[in-house]
Amino acid sequence: MRWDHLGDTPAAPADTALFGTDAVTTRTFDTPEFRGITFHEVRARSILNRVPGASRMPFEWTVNPYRGCSHACVYCFARKTHSYLDLDTGLGFDSQIVVKVNAPELLTRQLASPRWQGAHIAMGTNVDCYQRAEGRYRLMPGILTALRDRANPFSILTKGTLILRDLDLLVEAARVTEVGVSVSVGFTDQELWRTIEPGTPSPQRRLDVVRALGDHGIGCGVLMAPVVPFLGDGPEQLRETVRAIAASGATSVTPLVLHLRPGAREWFTEWLGRHHPGLVRRYERMYGDGAYAPTWYQRRITRQVHEFAAEFGIGPAGRGASRRISGPRDAPEAAPAPVPEQLTLL
């Protein structure tokens with residue numbers, strides 16, 4: 001592994017020194033849930049990441065306590081980031097997890113800085129902050145506590161059911177600031193889920209999370225992503241997925257067609273060749289011009305999902321909402337402000 005330029009000394013350049021080279025601890029755990037996974041514990045220099053101005057992301061700041069993800073989603077766009085450390089973007093991304101063990105204390109300190117202006121912070125935008133490793137390292141309670149204590153607005157996108165462990169913290173934070181939560185469910189097909197998202201909770205369990213959050217006053221949107229061409233895009237498949245999303249009490253549904261960036265593209269193509277070899281040529285034609293499916297196809301999927309959303313009464317498609325919960329001493333709650341749509345994450 002390449003840790004060059006990752007020192008945490010004050011003299012190290014701020015734009016390249018991400019981790020402490022003298023504080024990298026590699027661990028493995030011989031337990032069923034972590035078998036085959038290696039954890040690289042590091043001390044980060046900074047945990048607040050500014051999104052480049054040229055990015056299509058609708059937010060400026062992110063917090064990512066992990067790199068690599070045991071969810072092992074074949075299509076994950078973040079696979080490319082593992083190559084920056086000379087780590088494999090295929091199995092290496094799924095099994096070599098970088099853990100920023102000082103994330104909570106670092107965020108507490110950075111939020112208290114006079115230079116920090118309280119901007120919205122998005123989490124789960126690179127890899128899932130509620131992946132399996134979080135069950136052991138428990139970084140998110142400290143992160144949520146820091147955000148709550150500073151009344152700093154934030155949002156979370158996840159496929160992990162572990163978020164319910166922190167439900168009390170989310171409710172407390174929502175009493176003092178804007179909290180947005182979205183769960184990613186691109187399809188309900190069990191066979192497709194088992195092969196393309198092998199390390200994630202099932203789609204139904206994720207929708208149970210949506211229901212549980214709503215029951216506690218935290219409205220939760222669903223990012224219907226990815227819609228997988230030729231495997232999960234049939235009208236009846238889309239309708240069934242939207243029906244299940246609506247039944248969970250989701251506040252919104254936002255469809256997003258599969259996109260294949262470098263790093264993910266190669267891994268996905270290899271998977272496609274093993275599981276659906278007859279589709280390889282069709283994908284080559286569809287994605288021949290770049291990472292995204294043709295505009296006409298994306299518009300067709302969006303239109304169909306919106307029609308099904310209207311059928312099941314899920315409300316305005318394509319927009320979730322932050323939620324602030326009124327406590328007993330709060331003034332009457334104003335209309336919830338819209339949370340930025342996370343449209344290019346998966």
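Here the structure is a predicted model, which means the values were calculated and not measured.

Rules and cut-offs
Residues numbered from 1 in each chain as written. Predicted model: local features only at pLDDT ≥ 70, side-chain atom pairs only at ≥ 80, totals over all residues. Heavy atoms only, no water. Buried < 20%, exposed > 50% of the residue type's maximum accessible area, 1.4 Å probe, protein only. Helix = DSSP H or I, 4+ residues; strand = E, 2+ residues; numbered from the N terminus. Pairing = 2+ DSSP bridges. Right-handed = clockwise from strand over helix to strand, strands pointing away. Polar contact = N/O pair within 3.5 Å; in protein donor to acceptor, adjacent residues only side chain to side chain. Contact = heavy atoms within 4.5 Å. Phe/Tyr/Trp six-rings, centres within 6.5 Å; stacked < 30°, edge-to-face > 60°. Lys NZ or Arg CZ within 6 Å of the ring centre and 35° of its normal. Expected span 1.5 Å × (residues − 1). Arc of directions from axis to C-beta.

A. Here's a closer look at the pairing of strand β11 (residues 253–257). Among the five residues in β11, five count as buried, and that is most of the element. Pairing geometry for strand β10 (residues 220–227) and β11, over four bridges, is parallel. When the sheet's bridge partners are listed, methionine 224 is paired in β11 with proline 255. Regarding topology, helix α8 (residues 235–247) serves as the crossover connection from β10 to the parallel β11, and that connection is right-handed.

B. Expanded view of the side chain of arginine 79. Following the sequence through the fold, arginine 79 ends up in the loop between β5 (66–67) and α1 (91–95). Among the polar contacts made by the side chain of arginine 79, one reaches the main-chain carbonyl oxygen of valine 74 at a distance of 3.4 Å. When neighbours within four sequence positions are excluded, arginine 79 is seen to be in contact with Ala72, Cys73, Val74, Thr89, Gly90, Phe93, Asp94, Gly263, Ala264 and Trp267.

C. The arrangement of the packing of aromatic side chains in detail. For the coordinates displayed, the defined rule picks out 10 aromatic pairs. Centre to centre, the rings of phenylalanine 268 and tyrosine 283 are 5.3 Å apart; their planes meet at 50°, and the pair counts as tilted. Residue phenylalanine 268 is located in helix α9 (residues 264–275), and its partner tyrosine 283 is located in helix α10 (residues 280–286); the two are separated by 15 residues in the primary sequence. A relative accessible area of 1% places phenylalanine 268 in the buried class. Above the plane of the ring of phenylalanine 29 lies arginine 136, whose end atom (NZ or CZ) is 3.7 Å from the centre.

D. Local environment of the side chain of threonine 62. You can see threonine 62 is positioned in strand β4 (residues 61–63). When neighbours within four sequence positions are excluded, threonine 62 is seen to be in contact with Ile47, Leu48, Asn49, Val51, Ile121, Ala122 and Thr125.

E. Representation of helix α11 (residues 295–311). Given a rise of 1.5 Å per residue, 17 residues ought to cover 24 Å, and the 24 Å separating the end C-alpha atoms of α11 matches this to within 8%. When we look at burial in α11, the residues that qualify are Tyr297, Ile301, Gln304, Val305, Phe308 and Ala309. Each buried residue of α11 sits inside an arc of 140° when the element is viewed along its axis, so together they form one side. In α11, the exposed positions that point more than 90 degrees away from the buried face belong to Trp296, Arg299 and Ala310. Where α11 is buried, its residues contact β10, α8, β11 and α10. Once α11 finishes, glycine 313 follows within two positions and takes phi at roughly 65°, a positive value.

So yeah, pure geometry; function would need other evidence.
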